[in-house]
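If you want the building blocks of each chain, they are given just below.
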Amino acid sequence: MTYKKLSIEDIMHEYEQIRLNNFKTSQERKEEIYNLIPRIKEIDEESSVSYIEAARMKLNNQSDDEVTLIRDKNRKLTEEKKELLIKYNYPTDYLEPIYNCPLCKDTGYVNQERCECFINKIIDGLYLQSNLQNIFKKENFDTFSLDYYSKELYSNDRAYSPYENVKNILAVSHNIIDKFDTDIGCANILIYGETGLGKTFLTNCIAKELLDRKHSVFYLSANELFEDILAGHIMKNDNDYTDLYNFIYNCELLIIDDLGTELTNNFVLSELFEIINKRSIIGKSTLISTNLSIKQLRDRYTERIMSRIVDNYTVFNMYGDNIRYQKRKQAINSQD
């Protein structure tokens, strides 16, 4: 997939449209209630006048007792309003302002920082650019089949058959996903094994499940991570990659697929360590998939990087017969 320049203007326009739609709905609700319960309109008018009067008294340094009397009156009016709404089977907050995101009140910003909903909108936009949405329809936990994994021991040095191994991996994956919805949250995963064993399929399953649960997931191949975004932002100083660079460190789950396919050099080694180390420190999760063995990873990415992974990652080793080969063989046989 290729990530293009993000249109922040389009996102801000979307927020503007959300605010307009919510304001329209609020006005419609107000008109509905005023027609049904005229007393609530009177209460709102009285409250409005009282708030203005209280503010005027405050500015004129009038006695606190007078201001308190007005505030007490407004509290009673508010209680009467709630009682009337309940009486007519409406929720007490029916006339309150409507926000899709109460945190930023649909502005996209909290204390001049981008709101979590803003980040999610950008990530949603990234997935619309890619083909991942279509991939997730085909590759998810509902379509993950254990039928391709043998129930016979793969070799004498394996305690479990490929079937038992992957079944255990799926159970641990579901447990990790469930913990994302708790205070525990952070969980790092390394999936390794030879080509054609379902590593990317499993990665897609985990990504889809967390996205469906409204967690922020940023999915990148190793080439996209190092040769496009990091090289573009750091080495070329390209501002188009600034947001993408920030997502690498701030998303709840960063997925680095096919580690080992990139051109490895000192820049890659330095940035990989920085990502793994910093994300672990700030409690953000990272999932890495690779065709390389643990020994090959250690030889290629240095002991310093591998020690962070061994200490902080749940390691899944997928083994067995090549699934792609099995599928091709089945397809050929079905034509005979």
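Note: the structure precedes this text.
Described below are features of the structure shown in this document. Every chain begins its residue count from 1, and numbering advances along the sequence as written. Restriction of local features to residues with pLDDT of at least 70 applies here, the model being predicted, together with a cutoff of 80 or more for giving and counting side-chain atom pairs; totals for whole chains, interfaces and linings are based on all residues. As a convention, hydrogens and water are excluded, and side-chain values are obtained from all of the structure's heavy atoms.

Right, let's talk about the side chain of N188 for a bit. The topology assignment puts N188 in strand β3 (residues 188–192). With relative accessibility at 5%, the residue N188 sits in the buried group. The definition of a polar contact used here is a pair of N or O atoms within 3.5 Å, where within protein one atom must be able to donate a hydrogen and the other to accept one, and adjacent residues in sequence count solely through side-chain atom pairs. Side-chain polar atoms of N188 contact the backbone nitrogen of T286, separated by 2.8 Å. We call two residues in contact whenever any of their non-hydrogen atoms come within 4.5 Å of each other. Once residues within four sequence positions are removed from consideration, N188 is found in contact with S280, K284, S285, T286, N312, Y313 and T314. By definition, any uninterrupted DSSP run of H or I lasting at least four residues is a helix, any uninterrupted run of E lasting at least two residues is a strand, and each is numbered from the N terminus. Burial classification: accessible surface area is computed with a 1.4 Å probe over protein chains only, and a residue below 20% of its type maximum counts as buried, one above 50% as exposed, and the rest as partly exposed.

It is worth spelling out the layout of surface pockets at this point. Cavities and pockets are defined on a 1 Å grid built over the protein atoms alone: a cavity is a set of grid points where a 1.4 Å probe fits but cannot escape, while a pocket is an open set with protein on both sides within 12 Å along at least five of seven lines, and lining residues are those with an atom within 4 Å of any such point. Grid points are joined across faces, edges and corners, and a volume is the space filled by probe spheres set on the points. Here the largest pocket is characterised by a volume of approximately 470 Å³. If you trace the largest pocket, you find 25 residues lining it, with D44, K81, L95, E96 and P97 closest to the centre. When contributions to the lining of the largest pocket are tallied by element, the ones reaching two or more residues are α1 (8–36), α2 (38–59) and α3 (64–87). Per element, the largest residue contribution to the lining of the largest pocket is seven residues, and it comes from α1. Residues belonging to the lining of the largest pocket are distributed by class as follows: ten nonpolar, seven polar and eight charged. Residues are grouped as follows: nonpolar covers Ala, Val, Leu, Ile, Met, Phe, Trp, Tyr, Cys and Pro; charged covers Asp, Glu, Lys and Arg; every other residue, Gly included, is treated as polar.

So, about the side chain of S47. Positionally, S47 belongs in helix α2. With a relative accessible area of 10%, S47 lands in the buried category.

Moving on to the nonpolar core. As used here, the term nonpolar core means buried Ala, Val, Leu, Ile, Met, Phe, Trp, Tyr and Cys residues forming a set that is joined through side-chain atoms within 4.5 Å. Ranked by size, the top nonpolar core spans 41 residues in total, and within it F218, I248 and L259 carry the most contacts. It is helix α10 (residues 266–281) that contributes the most residues to this core, seven residues altogether. With 32 residues, the next largest nonpolar core counts L146, I176, L202 and I255 among its residues.

Another aspect to go through is the pattern of salt bridges. Salt bridges are counted wherever a side-chain nitrogen of Lys or Arg sits within 4 Å of a carboxyl oxygen of Asp or Glu. One pass over the structure, following the stated rule, counts eleven salt bridges. The closest approach of N and O atoms between E209 and R213, which form a salt bridge, is 3.3 Å. Judged by its relative accessible area of 24%, E209 falls in the partly exposed class. For R213, a relative accessible area of 29% corresponds to the partly exposed category.

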